[in-house]
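# Residue-level structure breakdown
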Amino acid sequence: MSLRSPSFSTTSCKLDPRGLRRWVLAFCIIRFDLEQGQVIEECYPPGCLTEDEELEIAFSSFPDSVSQQHPKNRSTIHDCIFFFRFRRRDSRYLYGYVFNRQRQDERLKRGGEQKSVVILSHTPYSSVFRPLLQILGPLYFDIGVRALELMASNVSMWPPPLMGQLVELPIGSATLKVHLPPAQSLPLLLASLLDDEPGVVTTMMNPSVTAPQGLFYDADIFGTFRGILLQLWLLWELLIIGEAILIIAPTPPQCCEAVASLVSLVAPLLCSVDFRPYFTIHDPDFATLNTLSEGLPFPPMILGVTNLFFLKALRNIPHIVSVGNPAPRSSSASITGKNFAQQLSLKKFSPSNLLNAVKLRRDGPLCLMTEHREAVWTTYSAITKPDTAILNRLIDAGMSPRVEESMSVVNNEILRRHFLELTINFLAPFGPYLRPTTPLEGISPFVDPPPLPPFNADEFLGTLSARGPGKFLSKRMKANWLELYRQFLKGHNFMPWFQRRRAVAEQEQHRLWRQARVKTDIHKFISKMSELEIVDSFNAIERHLLGEMQQAEKGVIDSGAVCLKLKGDLQAVFNVLPKDTQLLLLSNPQRASLLEGSLQLAKLPGHFV
C-alpha cells in the first residue's frame, strides 16, 4: 500500500454530509497574514463553526513563531504536522490536525509566508488523520481548494467507524489500513455520542487480540522521551493518579508527540485528565488558569506548550517536563551498538552529571529561558522503580535515519508492551468488582442476575493491604506501594474508568443471561417449581419479553427471534398455573395479548417460525 501520491478521480465529486460527519467536521485553509494575523481562507463544508471557534482554530494552527532552525537559502520550505484540542460550547472537544507549511523566500513580501491545512474532527483518530494530512497538505499546495472537495468526497464514502477494529479506508487509488482505538479508551462524552450514532460500531476489545488498547498507540514514546527515559515510570505514575503536567518542547510536533505518548502510556486505563497537545495563550481556558490563586490546586490537565511564557504564567502547575531538541538530533552523537541501560547508568553515576542534575534542580524550570534542556521538575517521589531489564532491551542504533526509524519502532513496541503490562497488573485487583456472572447449573436464567459486588474504597484498600500487590508489582514497586492505590482512588481517573468498566461488565452479564434464556428449556424447570416460583417465573419472563419487544421495535437484529422464544416460554408457564390464577392474569389486557398472540409480535423484524 502506498499513500505517497494516490490518484483521484476528478470527474465526480459527490459529498455525503452525514457520512463525512462520522469522521470529519470540516477542512480548513488558514493563512498567516503579517498585517491581519491568522485568517481562515476556506472552510469546507461551510457554516459549521462559530466566529469564536474560527478564531481559536486559527490561533492554534501555527507555531508560536517561524522556525529559526532551518537554513535560510533563497527559497526554503518546511512542513510539519501536529494537532490541538479545545472545548466547544457544548462541552465536546474538537481536535484539529494541522499540516503547516513555512516558506522562506526573499522574493516574497517580508521574506516568507505561512499556511496551514487543518482537518477538524470530534474524534482522536491520529492514526487516520496523520497519514490523511500527508496526502491532503501537499495536494492542496499543488491544486488548491479543489483538494478539500476531493478529500471530503472520499472521506464521506468511508464505512462507519469500527471501534477497536482494523479498518480499510479508500483514499483515491490507495487504501489506508489502520486500527481504531477501542471504545473504552475514548473520552466519556465522545463514547456516548458514538453509541448514539447510526452505523458506528463500538465493540469492546478482546484482550487476546493483538490490537491497540488505548489512544495514540502510534505515538513515538522512545523518540520523544529518549533523553529522560529513566523518568518514564515517574510520569506513568503521575498519569495514573491524574496529576497536572506542563510539557515544554521547542516545536508543536514535539510537544504534541509528548502529550500523546503520555496518554498512551497508561492504556488500557481510560485517561480522563483533560489533555491539550498544543496549548496557546489564545485558548479560552488560559484566562482561567492564569488567574488561579496562589495555593489553589491546579486542575488535572496535561498541557503541551512551546511558549516559555507559560513557565511564569502557570506557576501553580506542580510537574514540568521538558522534552525535544531545538535542532535535529545528530546521529553521530549516538553510541552505536550500546543499549540504553548502559548509557543511562554511565550518565547517572558520573560526577559531572550528578553536579549538573543538582544544578538543574536548583535552578528550576526557569533555566529553560536561557537554554533548552530535557528534564523533569517535580517534588513527587515515585513509588515505581525503573525497569532495568526493559532499558537493557532498548537499542540506540544511531547509524542512519532509516535505521534510526526502524529501531524506534522496535523500542516503542518494547516500551508500550511493558507499560501495558504494568497498567494491567496495577488494575488487576479491581477485577472481582468488574466480573460478570453466568447462571449456575440448575439456576433459572429467567430470574434477575445477581448485582456486581458493591465497591468500598476502605474495604478494598484493607483487603489489598493484607493480600499484597502481586508478584509482578512487588518486584517493581517500593514498600509504600499501597499509597499509589490510595492516590489513584482519589484521583481524576479512577471513577470514570471504574464506572465505564462496571457498565461494560453489566452489559456483558445481561448478554450472557439473555443467551442462557434463549438456550434453556423452560419445561425442565417447571416440574421442579412450587406454585409461587412458577408465578415469579411468569412475571420475570413477561418482563424480559416486553424488554425484547422494545428492542425489536428499534431494529435490533435478533430480538424478534428472542421474543418468539420467550412468548413460548410464557405460554408454557401459564399453562401449568391454576385456573383461578390464569383468569386473574388474563384480566390485564396487555398480558392477555401476549398470551393470545398479538399482531404486533408477528410483525416484529428478525423473528422466525
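Every value quoted in this text rests on a predicted model; they were computed, and no experiment measured them.

Another aspect to go through is the overall build of the protein chain. Within the protein chain, the secondary structure is distributed over 24 helices and twelve strands. In the protein chain, which comprises 609 residues, the proportion classed as buried is 50%. Considering only residue pairs separated by 6 or more positions, the protein chain has 74% of its internal contacts joining residues 24 or more positions apart. Only carbon and sulfur atoms are counted for the fraction: they give 54% of the accessible area of the protein chain, which is about 29,500 Å².

What follows deals with a nonpolar patch on the surface. A contiguous nonpolar patch, built from Leu 440, Ile 443 and Val 447 and spanning about 280 Å² of accessible area, is present on the exposed surface. Judged by relative accessible area, Val 447 falls into the partly exposed class, the value being 40%.

Okay, the side chain of Asn 411 next. Summarising the element assignment, Asn 411 is placed in helix H14 (residues 401–427). For Asn 411, a relative accessible area of 0% puts it in the buried group. With residues up to four places along the chain from it excluded, the contact list for Asn 411 reads Phe 222, Arg 393, Leu 394 and Ile 395.

Right, let's talk about the sheet that holds strand E10 (residues 301–305) for a bit. With mixed pairing, the five strands of this open sheet are ordered in space as E9-E10-E8-E11-E12. Of all strands in the sheet, those bounded by a partner on one side alone are strand E9 (274–276) and strand E12 (375–377). In this sheet, neighbouring strand axes are inclined to one another by 10° on average, regardless of whether the strands run parallel or antiparallel. Bridge count for strand E8 (residues 245–248) against E10 is four bridges, and the pairing is parallel. The residue of E10 that forms the bridge with Ile 245 is Ile 302. The strands touched by helix H8 (residues 252–265) within the sheet are E8, E9 and E10, with E10 carrying the most contacts at an inclination of about 155°.

On to the pairing of strand E6 (residues 166–171), then. Residue alternation in E6 divides its side chains into a buried set, Val 167, Leu 169 and Ile 171, and an unburied set, Leu 166, Glu 168 and Pro 170. For E6 and strand E7 (residues 174–179), the ladder comprises six bridges, and the chain directions are antiparallel. Residue Leu 169 lies in a different strand from E7, and its bridge partner there is Leu 176.

At a minimum axis distance of 9 Å, the contact between helix H18 (residues 494–519) and helix H21 (residues 559–575) shows a crossing angle of 55°. What the angle tells us is that H18 and H21 run oblique. Between H18 and H21 lies a crossing whose hand is left-handed. Here H18 contributes Arg 514, Arg 517 and Val 518 to the contact with H21, which in turn contributes Ser 559, Val 562, Lys 565 and Asp 569.

Another point: the environment of Glu 41. Looking at the element boundaries, Glu 41 is found in strand E2 (residues 37–44). Taking the relative accessible area as the measure of exposure, Glu 41 reaches 30% and is therefore partly exposed. Along the primary structure Glu 41 and Ile 30 are separated by eleven residues, whereas in three dimensions their C-alpha atoms are 5.6 Å apart. Here Glu 41 is in contact with Ile 29, Ile 30, Arg 31, Lys 115 and Tyr 140, once residues within four sequence places are set aside.

Let us now look at the pattern of salt bridges. Under the counting rule described, the total for this entry stands at 25 salt bridges. Arg 543 is the partner of Asp 448 in a salt bridge, and the nearest nitrogen-oxygen pair spans 2.9 Å. Taken together, the residues span a long stretch of sequence, with Asp 448 in the loop between H14 and helix H15 (457–467) and Arg 543 in helix H20 (residues 531–553) at a distance of 95 residues. On the basis of relative accessibility, which here comes to 47%, the residue Asp 448 falls in the partly exposed class. Connected through shared salt-bridge partners, Arg 85, Arg 87, Asp 274, Arg 276, Asp 283 and Asp 285 make up one network.

With that settled, the discussion passes to the packing of H20 against H21. It is the contact of H20 with H21, at a shortest axis distance of 9 Å, that shows an interaxial angle of 160°. Relative to H21, the element H20 is oriented roughly antiparallel. In the packing of H20 onto H21, the handedness of the crossing is left-handed. Residues Ile 534, Phe 538, Ile 541, Glu 542, His 544, Leu 545, Glu 548, Met 549, Gln 551 and Ala 552 of H20 form the contact with H21, whose own contacting residues are Ser 559, Gly 560, Val 562, Cys 563, Leu 566, Lys 567, Asp 569, Leu 570, Val 573 and Phe 574.

Under the criterion given, the structure shown has 39 aromatic pairs. When the ring of Phe 99 is compared with that of Phe 141, the centres are 6.2 Å apart and the planes differ by 45°; the resulting orientation is tilted. Remark: Phe 141 occurs in helix H3 (residues 126–143) and Phe 99 occurs in strand E4 (residues 93–105); sequence separation between them is 42 residues. Owing to a relative accessible area of 5%, Phe 99 belongs among the buried residues under this scheme. Judged by centre distance (4.2 Å) and plane angle (15°), the ring pair of Phe 426 and Tyr 485 falls under stacked. Linking Phe 426 in helix H14 with Tyr 485 in helix H17 (residues 481–490), this pair joins segments that are 59 residues apart in sequence. What makes Phe 426 buried here is its relative accessible area of 0%. Members of the aromatic cluster, connected to one another through ring pairs, are Trp 236, Phe 426, Phe 430, Tyr 433, Phe 455, Phe 460, Trp 481, Tyr 485, Phe 488, Phe 494, Trp 497 and Phe 498. Above the ring of Tyr 93, the side-chain terminus of Arg 85 is found at 3.6 Å from the ring centroid.

Once that is clear, we can look at unusual backbone geometry. Residues Tyr 44 and Pro 45 are joined by a peptide bond in cis, for which omega reads -5°. By the secondary structure assignment, Pro 45 is in the loop between E2 and helix H2 (51–60). Note the cis peptide between Ala 267 and Pro 268, where omega equals 10°. Among the secondary structure elements, Pro 268 is positioned in the loop between H8 and E9. With a phi close to 75°, Ser 91 is a non-glycine residue in the positive phi region.

Glancing now at helix H23 (residues 589–596). Within H23, burial applies to Arg 591, Ala 592, Leu 594 and Leu 595. The buried residues of H23 occupy an angular sector of 160° when the element is viewed end-on, so they sit on one face. Across H23 from its buried face, at more than 90 degrees, point the exposed residues Pro 589 and Glu 596. Buried residues in H23 make contact with H20, H21 and helix H22 (579–586). Capping of H23 at its N-terminal end is provided by Asn 588; its side-chain oxygen lies 2.9 Å from the backbone amide nitrogen of Gln 590.

Rules and cut-offs
Residues numbered from 1 in each chain as written. Predicted model: local features only at pLDDT ≥ 70, side-chain atom pairs only at ≥ 80, totals over all residues. Heavy atoms only, no water. Helix = DSSP H or I, 4+ residues; strand = E, 2+ residues; numbered from the N terminus. Buried < 20%, exposed > 50% of the residue type's maximum accessible area, 1.4 Å probe, protein only. Contact = heavy atoms within 4.5 Å. Areas by Shrake-Rupley, 256 points an atom, 1.4 Å probe, with all protein chains shown as cover. Patch = residues over 30% accessible without salt bridge, like charges linked within 9 Å, V, L, I, M, F, W, Y side chains within 5 Å. Salt bridge = Lys/Arg side-chain N within 4 Å of Asp/Glu carboxyl O. Pairing = 2+ DSSP bridges. Axes fitted to C-alpha atoms, helices over the stretch in contact; angles between N-to-C directions. Parallel < 35°, antiparallel > 145°, perpendicular 65-115°, else oblique. Left-handed = near helix turned anticlockwise from the far one by under 90°. Phe/Tyr/Trp six-rings, centres within 6.5 Å; stacked < 30°, edge-to-face > 60°. Lys NZ or Arg CZ within 6 Å of the ring centre and 35° of its normal. Arc of directions from axis to C-beta. Polar contact = N/O pair within 3.5 Å; in protein donor to acceptor, adjacent residues only side chain to side chain.

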